[in-house]
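Coordinate inspection notes
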Amino acid sequence: MVRTIAKDHGQKRLHILKTAARVFAAEGYARASMAQIAVACGISKANIYHYYASKDALLFDILDTYLSELRDRLCGLEEGGDAQARLGQFTREALLAYEGMDAEHKIQAEGLPRLPAAQQAVLKAYQREMVEKLNRILLDLAPETLGADAQKLRATTMSVFGMLNWFYMWNPGADRAARDAYAGQVAALTHGGVRGV
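Attention here is on the structure that accompanies the text. This one's a predicted model, so the numbers in the text were calculated from it and none came from an experiment. (Residues numbered from 1 in each chain as written. Predicted model: local features only at pLDDT ≥ 70, side-chain atom pairs only at ≥ 80, totals over all residues. Heavy atoms only, no water.)

Because the α-helix completes a turn every 3.6 residues, residues three or four places apart line up on one side. The end-to-end C-alpha separation of helix H1 (residues 9–27) is 26 Å, in line with the 27 Å expected for 19 residues at 1.5 Å each. Ile-16, Leu-17, Thr-19, Ala-20, Ala-21, Val-23, Phe-24 and Ala-25 are the residues of H1 that are buried. Contacts from the buried residues of H1 go to helix H2 (34–41), helix H3 (45–51), helix H4 (55–75) and helix H6 (102–111). At the exit of H1 stands Gly-28, carrying a positive phi of roughly 90°. (Helix = DSSP H or I, 4+ residues; strand = E, 2+ residues; numbered from the N terminus. Expected span 1.5 Å × (residues − 1). Buried < 20%, exposed > 50% of the residue type's maximum accessible area, 1.4 Å probe, protein only. Contact = heavy atoms within 4.5 Å.)

With 16 residues, helix H5 (residues 83–98) ought to run about 22 Å at 1.5 Å a step, and its terminal C-alpha atoms sit 22 Å apart, in line with that. Counting buried residues along H5, 12 of its 16 residues qualify, which places the element largely inside the surrounding structure. Restricting attention to buried positions, one finds in H5 the residues Ala-83, Arg-86, Leu-87, Gly-88, Phe-90, Thr-91, Glu-93, Ala-94, Leu-95, Leu-96, Ala-97 and Tyr-98. For H5, the N-terminal capping position is held by Asp-82, with its side-chain oxygen 3.4 Å away from the main-chain nitrogen of Gln-84. (Polar contact = N/O pair within 3.5 Å; in protein donor to acceptor, adjacent residues only side chain to side chain.)

A separate point is the layout of surface pockets. Here the largest pocket is characterised by a volume of approximately 570 Å³. In terms of lining residues, the largest pocket is bounded by 22 residues, among which His-105, Gln-108, Gln-127, Met-158 and Asn-165 are the most central. At the level of secondary structure, the elements contributing two or more residues to the lining of the largest pocket comprise H4, H6, helix H7 (117–141) and helix H9 (150–165). Looking at the lining of the largest pocket element by element, the count peaks at 5 residues for H7. Residues of the lining of the largest pocket, tallied by class, amount to 14 nonpolar, 5 polar and 3 charged. (1 Å grid on protein atoms, 1.4 Å probe; cavity = no way out; pocket = protein on both sides within 12 Å on 5 of 7 lines; lining within 4 Å. Points joined across faces, edges and corners; volume = space filled by probe spheres on them. Nonpolar A, V, L, I, M, F, W, Y, C, P; charged D, E, K, R; others polar.)

This part is about the packing of aromatic side chains. Tallied over the entire structure, the rule returns 5 aromatic pairs. Between Trp-166 and Tyr-168 the ring centres are 6.0 Å apart and the planes differ by 15°, which places this aromatic pair in the stacked class. Summarising the aromatic geometry, the rings of Trp-170 and Tyr-182 are spaced 5.9 Å apart at their centres and angled 80° between planes, so their arrangement reads as edge-to-face. Of this pair, Trp-170 sits in helix H10 (residues 167–170) while Tyr-182 sits in helix H11 (residues 176–194), and the two are 12 residues apart along the sequence. An aromatic cluster of at least three residues, connected via ring pairs, comprises Phe-167, Trp-170 and Tyr-182. (Phe/Tyr/Trp six-rings, centres within 6.5 Å; stacked < 30°, edge-to-face > 60°.)

With their axes 9 Å apart at the nearest point, H1 and H2 run at an angle of 125° to one another. Classed by the angle they form, the pair H1 and H2 counts as oblique. Where H1 crosses over H2, the handedness of that crossing is right-handed. Along the contact surface, H1 presents His-15, Ile-16, Thr-19, Ala-20, Val-23, Phe-24 and Glu-27, while H2 presents Gln-36, Ile-37, Ala-40 and Cys-41. A breakdown of the residues in the contact of H1 with H2 according to their chemical character gives 7 nonpolar, 3 polar and 1 charged. (Axes fitted to C-alpha atoms, helices over the stretch in contact; angles between N-to-C directions. Parallel < 35°, antiparallel > 145°, perpendicular 65-115°, else oblique. Left-handed = near helix turned anticlockwise from the far one by under 90°.)

This is a description of form; function is not addressed.
Below you can see the structure in the form of structure tokens.
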């Protein structure tokens, strides 16, 4: 007999994903166990395994959900128009998307290399699309300094992501106003700096 999917399946899955991300971030992926996650979720270990066959499967779903939604949000921003405005919009949307996602953000570095190569490729493709989106904005912003030097373009792009990605470390619990302000600061620093790189 085929087991039916409960009406609240999606809601329970999201609860497991958010809770597991916090456990992985606090304990470290290698040390965290499915039993710890079950306790934190307030459900049985068997119920966890109803949703996820393994810890790796759970990790992949956390990162796939997080990165695909982030990719959709950032890569869905309009192309064309004023490059400085687009840079400001990109930095702002990135920081707003990061809100409440500190755990997911933190576990990427440790977790991604532990996944099978095929799953890593999926996640890295999301990351690559976001990098390419920012590349295009920066090229439009400073074609004379970045257009002829792929290494400078990559270094500049990764520097912007570096400033954005570590915001949660410097400002835990930052509200929207703080995120907007810092996004503007990153955009201004980048805009002022790319012409001299």
